[in-house]
Amino acid sequence: MEILLFTLLGYMSGSILYAYWIPKLCCHVDICKLSPDHNPGTANAFTYGGFYAGTAALLLELGKGFLPVFMAGRFVPVNSLGFVPILVAPVLGHAFPLMNRKKGGKAIATSFGVLLGLYPLAAPVLFLAASYLVFSLVVVIDPHLFRSIITFGATALLNFLFTPIVTVSIAFLLIAGIVIYKHAQAFQGEKLTLRLQPISRWHSTRK
């Protein structure tokens, strides 16, 4: 019963698209209509809703993934197979929300929230953050669509190699599959570019 309860709670929590509704209600802008990718995500909330709307959306998008997982961890063992759907549910809810399954987002912020909910287990969220940093600052991948696809794929591999809890690795593989699928849906013929950031740029940044 606990597994079913927290899975449903996570899915319902994930289905609330804060990044869409906060700019809509507070700034009277529809980020899905204004943005080229029509994504109800945090980046578009910042771009079209402004700093305060974007910050509020980011915190709530993180929170809707964090809370169900963190609460579930108090009742369901993280290393049990039953914890897999609990981890995946908020991301699934964001990508395919209950009220309109075709209007979901790409679930990046929610994925971070879910992994933060595993606290004190920190490795998975650190792997995801580090992968984004590497592919943004060291081996720079453009556009962002490809960067996210490769980042989530790399993080899934890192989890299987280094995360001690197998169920977390399995759950993140499913999460990565959802995120990659949503990004693939948004593909519009962009070309992948990859470049190494010059070391001199790092030195100048540090100065």
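Since the model is a prediction, treat every value here as computed from it, not as a measurement. (Residues numbered from 1 in each chain as written. Predicted model: local features only at pLDDT ≥ 70, side-chain atom pairs only at ≥ 80, totals over all residues. Heavy atoms only, no water.)

1. What about the nonpolar core?
Nonpolar side chains in soluble globular proteins generally cluster together in the buried interior.
Turning to step 1, where the next piece is worked out: In terms of nonpolar packing, the biggest core is built from 29 residues, with Phe 83, Leu 87, Leu 118, Phe 152, Phe 172 and Ile 175 touching the most fellow members.
Turning to step 2, where the next piece is worked out: Of all the secondary-structure elements, those providing two or more residues to this core are helix H5 (51-72), helix H6 (83-95), helix H7 (108-116), helix H8 (123-138), helix H9 (144-162) and helix H10 (166-185).
Turning to step 3, where the next piece is worked out: If sequence neighbours within four positions are ignored, Phe 152 has contacts with Ile 108, Ser 111, Leu 128, Tyr 132, Phe 172, Ile 175, Ala 176, Val 179 and Ile 180. (Core = buried A, V, L, I, M, F, W, Y, C linked by side-chain atoms within 4.5 Å. Buried < 20%, exposed > 50% of the residue type's maximum accessible area, 1.4 Å probe, protein only. Helix = DSSP H or I, 4+ residues; strand = E, 2+ residues; numbered from the N terminus. Contact = heavy atoms within 4.5 Å.)

2. Quick word on the pattern of salt bridges
Turning to step 1, where the next piece is worked out: This structure, assessed with the given rule, holds five salt bridges.
Turning to step 2, where the next piece is worked out: The closest approach of N and O atoms between Asp 30 and Lys 24, which form a salt bridge, is 3.9 Å.
Turning to step 3, where the next piece is worked out: The buried category is assigned to Asp 30, whose relative accessible area is 12%.
Turning to step 4, where the next piece is worked out: On the basis of relative accessibility, which here comes to 32%, the residue Lys 24 falls in the partly exposed class.
Turning to step 5, where the next piece is worked out: Linking Arg 195 and Asp 142 is a salt bridge whose minimum nitrogen-to-oxygen distance equals 3.0 Å. Separated by 53 residues along the polypeptide, Arg 195 in strand E2 (residues 193-196) and Asp 142 in strand E1 (residues 139-142) bring together distant segments of the chain.
Turning to step 6, where the next piece is worked out: The class for Arg 195 is partly exposed, based on a relative accessible area of 43%.
Turning to step 7, where the next piece is worked out: Through salt bridges with shared partners, a single ionic network connects Asp 142, Arg 147 and Arg 195. (Salt bridge = Lys/Arg side-chain N within 4 Å of Asp/Glu carboxyl O.)

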